[in-house]
Amino acid sequence: MASPMRSLLTDPDRYLRSFRLFLEKSTEHRSMREFMERQLPHVIASIGNGKSTINVLSVGGGAGEMDLLILSKVQARYPGVPINNEVIEPSADQISKYKERVAQTSNLGNIKFTWHKETAYEYESRMNAEKKSKKWDFIHMIQMLYYVKDVPATVRYFHSLLESQGKLLIILVSGKSGWEMLWKKYGSSFPLDDLCSYVSSGDLPKILDSAGLKYQLYELPSHMDITSCFIEGDKDGELLLDFLTETLEFSKTAPPELKHQLMEELRKPGCSENRDGKVLFNNNLGVIVIEP
């Protein structure tokens, strides 16, 4: 009999390994970079109008790869204007990598970096306790809303911090992705703990409409090569299955029937497609840009 399933987040080292493999096997960052190159200049076109300093807040900035690309676009739009970039990130390891990335990047002279080692909720609590409500010209939350307890409250809070010309940018898995199919059907079978919940861009319009907020939606095509998941005993395949299910050692601990059903689901057309002998999982992303 399989041993009880545990959340992947109970083993931070394995989680990080599975996440890095996911980035390597997917076009996630490439899709985001294309959005930043093509669409972001339009999104930020008026955030700094008349400003002597532009304030940018990164919520869940990770190791900073996307942050620095965003900042380069703000610099290009407002050459020479000082930028104050603050980062909320609970992982000391990620902050350390972010600082290394900054140290190795040129042309950041007009940007002041401040890192806060805390969660979005801890930041909100601290600001409320200090009776502060600093306003921001641009706030972005990339792939982080899965890790908050109350998604509508978190979105409302950070939206309330926008300047009159500001924008809030959110990136999540798409409501039309394989993730949506997988989690709607099997999410209740996975050992999700309090650290993580499932939310997609398909859930956001209802939240934003009920709050009366104006927004634009963008769909970003992306895929992940999960061919190795179907090779019994393949170490990469096992890591990717852990990531897809947020389950530690899913292959070894899942009940056989659940594993069989999940592997069948992963092959279905809405979830994946077969191309050139590979199984490509639908990893589409949804981008939501919210107005003040």
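Residues numbered from 1 in each chain as written. Predicted model: local features only at pLDDT ≥ 70, side-chain atom pairs only at ≥ 80, totals over all residues. Heavy atoms only, no water.

Trainee: Run through the packing of aromatic side chains, naming residues and quoting values.
Mentor: Under the criterion given, the structure shown has 18 aromatic pairs. Note on Phe 19 and Phe 243: the rings are 6.1 Å apart at their centroids and 35° apart in plane angle, and the pair reads as tilted. Of this pair, Phe 19 sits in helix α1 (residues 12–25) while Phe 243 sits in helix α10 (residues 235–245); the two residues are 224 residues apart in sequence, bridging distant segments of the chain. Their ring planes at 80° and their centres at 6.4 Å tell us that Phe 22 and Trp 179 sit as a pair that is edge-to-face. Taken as a pair, Phe 22 in helix α1 and Trp 179 in helix α8 (residues 178–186) lie far apart in primary sequence, 157 residues in all. Every member of this aromatic cluster is reached through a ring pair, and the members are Tyr 15, Phe 19, Phe 22, Trp 179, Phe 243 and Phe 281. The ring of Tyr 78 has Arg 77 lying over it, and the distance from NZ or CZ to the ring centre is 4.7 Å. The positively charged end of Arg 267 is found above the aromatic ring belonging to Phe 230, 4.0 Å away from the centroid. (Phe/Tyr/Trp six-rings, centres within 6.5 Å; stacked < 30°, edge-to-face > 60°. Helix = DSSP H or I, 4+ residues; strand = E, 2+ residues; numbered from the N terminus. Lys NZ or Arg CZ within 6 Å of the ring centre and 35° of its normal.)

Trainee: Outline the sheet that holds strand β12 (residues 285–290), listing residues and values.
Mentor: Spatial strand order, β4-β3-β2-β5-β6-β12-β7: seven strands in an open sheet with mixed pairing. On the outer flanks of this sheet lie β4 (111–116) and β7 (215–220), each paired with one strand and no other. For this sheet, the mean inter-axis angle between neighbouring strands, taken without regard to orientation, is 15°. Here strand β2 (residues 54–59) runs beside strand β3 (residues 83–88); their pairing, made up of six bridges, is parallel. Paired with Leu 57 across the two strands is Glu 86, which belongs to β3. (Pairing = 2+ DSSP bridges. Axes fitted to C-alpha atoms, helices over the stretch in contact; angles between N-to-C directions.)

The quantities given are spatial measurements derived from coordinates; they are silent on function.
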